[in-house]
Amino acid sequence: MPQSLPTDPTHFDAEIDTGLDVEADVSVAPRADSAGGTEILLELVDDEGVTIGTAEKHWAHQQPGRLHRAFSVFLFDRQGRLLLQRRALGKYHSPGVWSNTCCGHPYPEEPPFVAAARRTAEELGVAPALLCEAGTVRYDLPDEASGLIEREWNHLFVGLVTAPVAPNPDEVDDFAFVTAQELRELRAERPFSVWFETVFEAALPGIREIAGRDW
């Protein structure tokens, strides 16, 4: 993929208040099931995004699906390029396709902001230098390839990455920093996750605050 020319985006100079206590001590671990394995629980929510219970991760994604809390992250470098990842081939959902910087699910009672920062570090080996809320979006998106469904109340985050990326090969097969034009070209050539277009369009106002009007 061609490298984009460096720019000088002044929109990275201002400090943005996320409205959240980034230093809050929040640590929530998945539960061990009766067989000694790890049962990953998600937060189920109602039509207003209010928590109503929990459900096992894989079960919540099986038809007809259960509406649950999720997050999506869009990080940019100082040249205003978006960090994309190609999901590892071993992923149970949407393996081997391109998607946004990071996405996932908070553990029960884990704030979405904390989950987004945690999961970005787990998948890409780098912590966001800046992370800001960019709203929420709800969707019901079936994935024909897997037969699963994404019924999610998704918390959107945009931000900045300044450290080198060191992806976990169990999670990420490849990564790329792309301009808006390069993203359009890549989407025309390669498959993307079923949720990418929905979360990207919903996050665009926040993306443009961080990365400029070219997006």
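Here, the structure is the one placed above.
Residues numbered from 1 in each chain as written. Predicted model: local features only at pLDDT ≥ 70, side-chain atom pairs only at ≥ 80, totals over all residues. Heavy atoms only, no water.

Asks: For this particular structure, what's the right way to read empty space enclosed by the protein?
Replies: With a probe scaled to a water molecule rolled over the atoms, the places where space remains empty come into view. Scanning the model with the defined rule gives one cavity of 30 Å³ or more in all. Lining the largest cavity are Gln85, Arg87, Ser99, Asn100, Cys102, Cys103 and Glu123. Broken down by secondary-structure element, the contributors of at least two residues to the lining of the largest cavity are β6 (82-87) and β8 (102-104). Broken down by class, the residue content of the lining of the largest cavity amounts to two nonpolar, three polar and two charged. (1 Å grid on protein atoms, 1.4 Å probe; cavity = no way out; pocket = protein on both sides within 12 Å on 5 of 7 lines; lining within 4 Å. Points joined across faces, edges and corners; volume = space filled by probe spheres on them. Helix = DSSP H or I, 4+ residues; strand = E, 2+ residues; numbered from the N terminus. Nonpolar A, V, L, I, M, F, W, Y, C, P; charged D, E, K, R; others polar.)

Asks: Would you mind going over the nonpolar core with me for this structure?
Replies: Counting 31 residues, the largest nonpolar core has Phe74, Leu84, Leu183, Ile207 and Trp215 as the members making the most contacts within it. Here this core gets eight residues from one element, more than from any other, and that element is helix α4 (residues 196-211). Excluding residues within four positions of it along the chain, Phe74 makes contact with Leu82, Asn100, Thr101, Phe157, Val158, Gly159, Phe196, Val199, Phe200, Ala203 and Ile207. The next biggest cluster of nonpolar side chains, apart from the first, holds 15 residues, and it includes Ala115, Ala116, Val165 and Val172. (Core = buried A, V, L, I, M, F, W, Y, C linked by side-chain atoms within 4.5 Å. Buried < 20%, exposed > 50% of the residue type's maximum accessible area, 1.4 Å probe, protein only. Contact = heavy atoms within 4.5 Å.)

Asks: Looking at this structure, how should I read the pairing of strand β5 (residues 68-76)?
Replies: Where a strand is regular, its side chains alternate between the two sheet faces. Here β5 lies mainly inside the structure; nine of its nine residues are buried. Both faces of β5 are covered, namely the face carrying His68, Ala70, Ser72, Phe74 and Phe76 and the face carrying Arg69, Phe71, Val73 and Leu75. Here nine bridges tie β5 to strand β10 (residues 149-160), and the two strands are oriented parallel to one another. Residue Val73 lies in a different strand from β10, and its bridge partner there is Phe157. (Pairing = 2+ DSSP bridges.)

Purely geometric numbers; function is a separate question.
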